[in-house]
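Remarks on the overall topology
Letter by letter, the chains look like this.
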Amino acid sequence: MPQPWQDTSLSAEDRAAALLSSMTLEEKLAQLSSVWPGSEAEEGEDVAPLQHEVSEAVDLDGLLPHGVGQLTRPFGTSPVEAAEGAAALARLQTRIAAGNRFGIPALAHEECLTGFFAWRATVFPTPLAWGASFDPALVGRAAELIGGSLRSAGIHQGLAPVLDVVRDARWGRTEESIGEDPYLVATIGTAYVRGLESAGIVATLKHFAGYSASRGGRNHAPVSIGPRELADVILPPFELAVRDGGARSVMHSYNDIDGVPSAANPWLLTELLRDTWGFTGTVVADYFGVSFLELAHRVAATRGDAAGLALAAGVDVELPAVRCFGTPLRDAVRAGEVDEALVDRAALRVLRQKCELGLLDADWSPIPSALAEPTESAGPAGTPGLDLDPPGMRAVARELAEESVVLLADDGDVLPLAPDARIAVVGPLADDPAAMLGCYTFPRHVGVEHPQLPLGIEVPTLFAALRAELPGARITHAEGCAAPGPGGSAGDPGAAASAGAAALTAESRLAQAARTAADADVCVAVLGDRSGLFGRGTSGEGCDAADLELPGDQGALLDTLVATGTPVVLVLFTGRPYALGRWSRLLAAAVQTFFPGEEGGPAVAGVLSGRVNPSGRLPVSVPYASGGQPWTYAQPPLGLRGDSSSIDPTPLFPFGHGLSYTSFAWERPEADAAEVPTDGETTVRLTVRNTGDRAGTEVVQLYLHDPVARIARPVSRLIGYARVPLRPGESAEVHFAFHADLASYPLRADGTRVVEPGALELRLASSSADSGVRHTVPLTLTGPERTVGHRRRMVCEARVK
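Residues numbered from 1 in each chain as written. Predicted model: local features only at pLDDT ≥ 70, side-chain atom pairs only at ≥ 80, totals over all residues. Heavy atoms only, no water.

1. Some words on the overall build of the protein
Selection criterion: Each helix is a run of DSSP H or I of at least 4 residues and each strand a run of E of at least 2, with the numbering of both proceeding from the N terminus. Atoms counted for the radius of gyration: C-alpha only. Globule rule: 2.2 Å times residue count to the power 0.38. Each residue is placed in one exposure class: buried if its accessible area under a 1.4 Å probe, protein chains only, is under 20% of its type's maximum, exposed if it is over 50%, and partly exposed if it falls in between. Contacts between residues were defined by any pair of non-hydrogen atoms, one from each residue, lying within 4.5 Å. Each accessible area is a Shrake-Rupley estimate made with a 1.4 Å probe; only the visible protein chains count as cover when residues are assessed. Under the counting rule used here, the positive set is Lys and Arg, the negative set is Asp and Glu, and His together with the chain ends is not counted. The atom standing in for a charge is NZ when the residue is Lys, CZ when it is Arg, CG when it is Asp and CD when it is Glu.
Looking only at helices and strands, one finds 23 helices and 27 strands in the protein. Computed over its C-alpha atoms, the radius of gyration of the protein comes to 26 Å, within 12% of the 28 Å expected for a compact globule of 801 residues. If you line up the protein on its principal axes, its C-alpha atoms span 75 × 70 × 50 Å. Of all 801 residues assigned to the protein, the portion counted as buried reaches 63%. Sequence-distant contacts, at least 24 apart, represent 79% of the contacts inside the protein between residues at least 6 apart. In the form shown here, the protein has an accessible surface area of approximately 27200 Å², with 50% of it arising from carbon and sulfur atoms. Of note, the protein has its 64 positive side-chain charges centred 3 Å away from the centre of its 98 negative side-chain charges.

Shown next as structure tokens:
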């Protein structure tokens, strides 16, 4: 006879409540923390902040009688063959379920920012490349595939997406973010959430909130931000992902806002997230975030104090391992220092989610689908094969990489490259697979700590991809300078290149590069970042930049190549934008891509050859010079260039910018109505025509300009966009459903949003810059001022007919 909590005819809430009522304090607390299998055995560098200082050995046998809430990174801690990892996870789950009197298994979570975070798994483009695609549908498709891969191996929760809006590109985690515009981040991020959740995986929104607005772009630094900026820029992506995406988990951020750490902020984690937005899932700690209340923020004197603060604020699960929510919290409860009702509140949420995932069903099995459904290929010891990098996933990774490539500049004389050209491919990243990979990819995050480990996936370099793309061309290669950042190690994808470069002096490398470029019809300069963690790269978590100059000697190399007189095409593989002003009039063309994943080399090669017509648009502005930071395009008038300061922050290439090999005409812009009630809507439309001789995709962007408001507002902000694929001579009509709610803004310091009557201007544009505005459509909002809340219209739906 099934127990009440196993009865699937009951609601998840009732089942969880029935189970909770039968549990001891120790059993409830066990559901509120995690175990990190194998982490204490790893002797390499940290993959989480202060990992080796904070981590402690865990007595799993001692924990089992009470249960285990979560399992941390069973695939992403060390290399393991997929089938072996799935089988080991199934055995551990069997042991956990058998070890407690209710048969409750653990919920297993894994990173999935660029795909399933496991050895030999497909590496998709990094989130900044998602933003460059301006394609929520494709990002959602990628997420659904990633979710299916996770689920097939026994994973339940994915720690993605990152919804931090870029505020300072010097921040190392810029590569993990989707862009500098809250609307773009919200819509792309919500599409990823929908895709992951549709595959049955719990999506975890990171990092709530304000993490990307840290002082000086420094990781973990305090955040100085006003309540209106918080409400208008930082919070909307999370709000939309909860409301429309159905995200079932939120991870608090490491930072404090005005002195209050997010992990101890009841307004943020309870009043806003749950009481206002209606979130019903679980709030999980960023790794060691509860401990940091004691060790870093110093708002708690003991582990028990830290646990009590976090629990009261609304943190339900301590990750990545039990430190504060175990014995210290138990003792605090028994001493009357923490109300046991707070433990019950969190445990009920955890158990309800386990019900939703089927983990409390009577017929639950630890065997994941990949092991339960044998395939043609067999893994070790006769286990079914588990291919984490199948052709279908690579195809979507390729498509997303292709759509994310941004053609910044093109003089029209060099690109596409001639099929029989003499091409010098120069740069430390030209023949380095690491150029394609962000810090939250397995090879750059974990693989570098295992010297003899092969990549496990095919990652063609740009040099190799160009040779395959243009077999009739004569393509030569020179490194030109050392790879940016700390030198590689054995097993690092760029180690061989770095070792070869080290054998030459800087002068001889430059001279060799100059000779190679001078002997060619065109030089492709391949520069950028090599990702890493905590100072072990030029981009990535803990790899913050002092300025936005090209890292290392790459600026000098580019100067040398330009001086040869050979036309130079700059190709950047980076995790952030870099200042390119000093070369703005010297390059034949410039191409920007943001860690495009395992298919990035062929994608960029396709753009250079002309096989792919570029359609990517900048998700972040590219600065002219390093000064003027931090800066993003959505500035009020005094944030733009003016006579009051000698610093001009105007970017070289604005947000939303991107060129194509074909041309487009934008015709007949109009709105259904010139006057719209403050609670009404209208349709804005225009016709886009491909006037060139190549098929291509235009990206139509809709910006809102509010001439007069009661607080200083951005001169222009994105409220809609649409990708418009067209064959030569073909046209399509683009419709934007504009609702007055999209003109709302936080008038009061408590974040209350209003829609005011008055004049507005809708700008149909190819970028955020004034020069990108193709047409303007004036509107007037009529009627009374309205206060709007969580159910307001947040998305301007676009249709292409």
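Still to come is the rest of the account.
2. Description of the environment of Ala579
Looking at the element boundaries, Ala579 is found in the loop between strand S14 (568-574) and strand S15 (589-594). Taking C-alpha positions, Ala579 is 41 Å from Thr270, a pair spaced 309 residues apart along the chain. Setting aside residues no more than four positions away along its own chain, Ala579 makes contact with Leu548, Pro623, Tyr624, Ala625 and Ser626.

3. A short note on the layout of surface pockets
We count it as follows: Put plainly, a pocket is an open set of points on a 1 Å grid over the protein atoms alone with protein on both sides within 12 Å along at least five of seven lines, a cavity is a set where a 1.4 Å probe fits but cannot get out, and a lining residue has an atom within 4 Å of a point. Grid points are joined across faces, edges and corners, and a volume is the space filled by probe spheres set on the points. For this classification, the nonpolar set comprises Ala, Val, Leu, Ile, Met, Phe, Trp, Tyr, Cys and Pro, the charged set comprises Asp, Glu, Lys and Arg, and every other residue, Gly included, is treated as polar.
Here the largest pocket is characterised by a volume of approximately 840 Å³. Arg167, Glu229, Asp232, Val233 and Pro714 are the residues nearest the centre of the largest pocket, which is lined by 42 residues in total. Contributing elements (two or more residues each) for the lining of the largest pocket: helix H8 (182-198), helix H9 (227-234), helix H10 (236-243) and strand S20 (717-726). Looking at side-chain class alone, the lining of the largest pocket contains 20 nonpolar, eight polar and 14 charged residues. Roughly 670 Å³ of internal volume is contained in the second largest pocket.

4. Regarding the sheet that holds strand S6 (residues 249-252)
This is how it is decided: By definition, two strands form a pair when at least two bridges between them are found by DSSP. Geometry is summarised by axes, namely lines fitted to C-alpha atoms with helices restricted to the contacting stretch, and by angles between N-to-C directions that run from 0 to 180 degrees.
Pairing in this open sheet of seven strands is parallel, and the strands run S1-S2-S3-S4-S5-S6-S9 from one edge to the other. The open sheet has two free edges, formed respectively by strand S1 (34-35) and strand S9 (282-284), since each of these has just one partner strand. Strand direction decides the pairing type here: strand S3 (residues 107-111) and strand S4 (residues 157-159), joined by three bridges, are parallel. Across the sheet, residue Glu110 finds its bridge partner in S4, namely Gly158. Contacting S3, strand S5 (202-208) and S9, helix H15 (residues 340-356) runs over the sheet at an angle of about 110° to S9.

5. What to know about the sheet that holds strand S26 (residues 786-788)
The sheet built from three strands is open, its strands ordered S22-S23-S26 with antiparallel pairing. Whereas interior strands pair on both sides, the edge strands pair on one side only; in this sheet they are strand S22 (745-746) and S26. Both strand S23 (residues 753-755) and S26 contribute to a ladder of three bridges, which runs antiparallel. Its bridge partner lying in S26, Val755 is registered against Arg786.

6. Quick look at the nonpolar core
Applicable threshold: By convention a nonpolar core is built from buried Ala, Val, Leu, Ile, Met, Phe, Trp, Tyr and Cys residues, the set being connected through side-chain atoms within 4.5 Å.
Residues Phe208 and Phe325 are the most contacted members of the largest nonpolar core, which totals 173 residues. Among the nonpolar cores identified, the runner-up in size contains 38 residues, and Ala421, Phe463, Leu466 and Val612 belong to it.

7. Brief notes about the packing of H8 against H10
What counts is decided by this rule: Roughly parallel means an angle under 35 degrees; roughly antiparallel, over 145; roughly perpendicular, 65 to 115; everything else is oblique. For a crossing to be left-handed, the near helix must be turned anticlockwise from the far one by less than a right angle; the clockwise case is right-handed.
Two elements in contact, H8 and H10, have axes separated by 8 Å at closest approach and are oriented at 30°. With respect to H10, the element H8 is oriented roughly parallel. In this structure, H8 crosses over H10, and the sense of that crossing is right-handed. Counted together, Pro182, Val185, Ala186, Thr187, Thr190 and Val193 of H8 and Pro236, Pro237, Leu240 and Ala241 of H10 form the full contact between these two elements. Of the residues contributing to the contact of H8 with H10, the split by class is eight nonpolar, two polar and no charged.

8. Notes on the pairing of S20
For S20, the tally of buried residues reaches nine of 10 residues, placing the bulk of the element in the interior. Both strand S19 (residues 696-705) and S20 contribute to a ladder of nine bridges, which runs antiparallel. Residue pairing across strands places Gln701 opposite Tyr721, the latter belonging to S20.

9. Topic: the environment of Glu507
In this structure, Glu507 sits in helix H21 (residues 506-518). Taking the relative accessible area as the measure of exposure, Glu507 reaches 59% and is therefore exposed. Spatially, the C-alpha atom of Glu507 lies 44 Å from that of Tyr287, the residues being 220 residues apart in sequence.

10. Section: the packing of aromatic side chains
Quick note on the threshold: When two rings of Phe, Tyr or Trp (its six-membered ring) have centres within 6.5 Å they constitute a pair, described as stacked for plane angles under 30 degrees, edge-to-face for angles over 60, and tilted for the intermediate range. Geometrically, a charge over a ring is one whose NZ (Lys) or CZ (Arg) sits within 6 Å of the ring centre while staying within 35 degrees of the ring normal.
Taken as a whole and judged by the stated rule, the model has 16 aromatic pairs. Aromatic pair Phe134 and Tyr721: ring centres 5.2 Å apart, planes at 80°, arrangement edge-to-face. Of this pair, Phe134 sits in the loop between helix H6 (127-133) and helix H7 (136-152) while Tyr721 sits in strand S20, placing them 587 residues apart in sequence. In this pair, the class of Phe134 matches that of Tyr721, namely buried. Taken together through their ring pairs, the aromatic side chains of Phe134, Tyr183, Tyr633, Phe655, Tyr703 and Tyr721 make up a single cluster. Here the basic side chain of Arg120 rests over the ring of Trp119, its NZ or CZ set 4.0 Å away from the ring centre.

11. A short note on the side chain of Thr187
The condition is simple: Contacts described as polar in this section are N or O atom pairs within 3.5 Å, which, within protein, must combine one atom able to donate a hydrogen with one able to accept it, while residues neighboring in sequence count only if both atoms come from side chains.
Within the secondary structure, Thr187 is located in helix H8. Engagement of the side chain of Thr187 in a polar contact is seen with the backbone oxygen of Leu184, the distance being 3.3 Å. Not counting residues up to four positions away in its chain, the partners in contact with Thr187 are Pro136, Leu240, Tyr721 and Val795.

12. Details of the pattern of salt bridges
Note the cut-off: Salt bridge, as used here: a side-chain nitrogen of Lys or Arg that lies within 4 Å of a carboxyl oxygen of Asp or Glu.
A complete count under the given rule lists 50 salt bridges for this structure. With its nearest N and O atoms 2.6 Å apart, the salt bridge here joins Glu13 to Arg352. Of the two residues, Glu13 is situated in helix H1 (residues 12-20) and Arg352 in helix H15; the sequence distance between them amounts to 339 residues. On the basis of relative accessibility, which here comes to 33%, the residue Glu13 falls in the partly exposed class. Its salt-bridge partner being Arg101, residue Glu27 comes within 2.5 Å of it at the nearest N-O pair. Of this pair, Glu27 sits in helix H2 (residues 25-30) while Arg101 sits in the loop between helix H5 (82-99) and S3; the two residues are 74 residues apart in sequence, bridging distant segments of the chain. Residue Glu27 is classed as buried on the basis of its relative accessible area of 4%.

13. Points about helix H13 (residues 303-313)
Taken residue by residue, H13 has Gly304, Ala306, Ala307, Gly308, Ala310, Leu311 and Ala313 as its buried positions. Those residues of H13 that are buried lie in contact with helix H11 (266-276), helix H12 (289-295), helix H14 (327-334) and H15. Downstream of H13 by a residue or two, Gly314 has a phi angle that is positive, lying close to 130°.

14. So, the side chain of Asp741
Here Asp741 lies in the loop between strand S21 (731-739) and S22. The class for Asp741 is buried, based on a relative accessible area of 7%. Excluding residues that lie within four positions of it along the chain, Asp741 makes contacts with Val755, Arg786, Val788, Arg792 and Arg793.

15. Comments concerning the pairing of strand S24 (residues 758-765)
Pairing between S19 and S24: five bridges, direction antiparallel. Looking at the pairing, Gln701 lines up with Ala765 of S24.

16. Regarding the confidence of the model for the protein
Low pLDDT marks regions whose predicted coordinates should not be analysed in detail. Going by this rule: A residue's pLDDT is simply how confident the predictor is in it, with values from 0 to 100.
Residue-level pLDDT values for the protein average 94, and 95% of them are 70 or greater. For residues 493-501, every residue scores under 50 in pLDDT, and the model assigns this stretch 22 contacts once sequence neighbours within four places are set aside.

17. Considering the packing of helix H17 (residues 391-404) against helix H23 (residues 600-609)
Between H17 and H23, whose axes approach to 8 Å, the crossing angle comes to 45°. Taken together, H17 and H23 sit at an angle that is classed as oblique. Relative to H23, the crossing made by H17 is right-handed. Residues Arg398, Ala401 and Glu402 of H17 lie in contact with H23, whose contacting residues are Gly600, Pro602 and Ala603.

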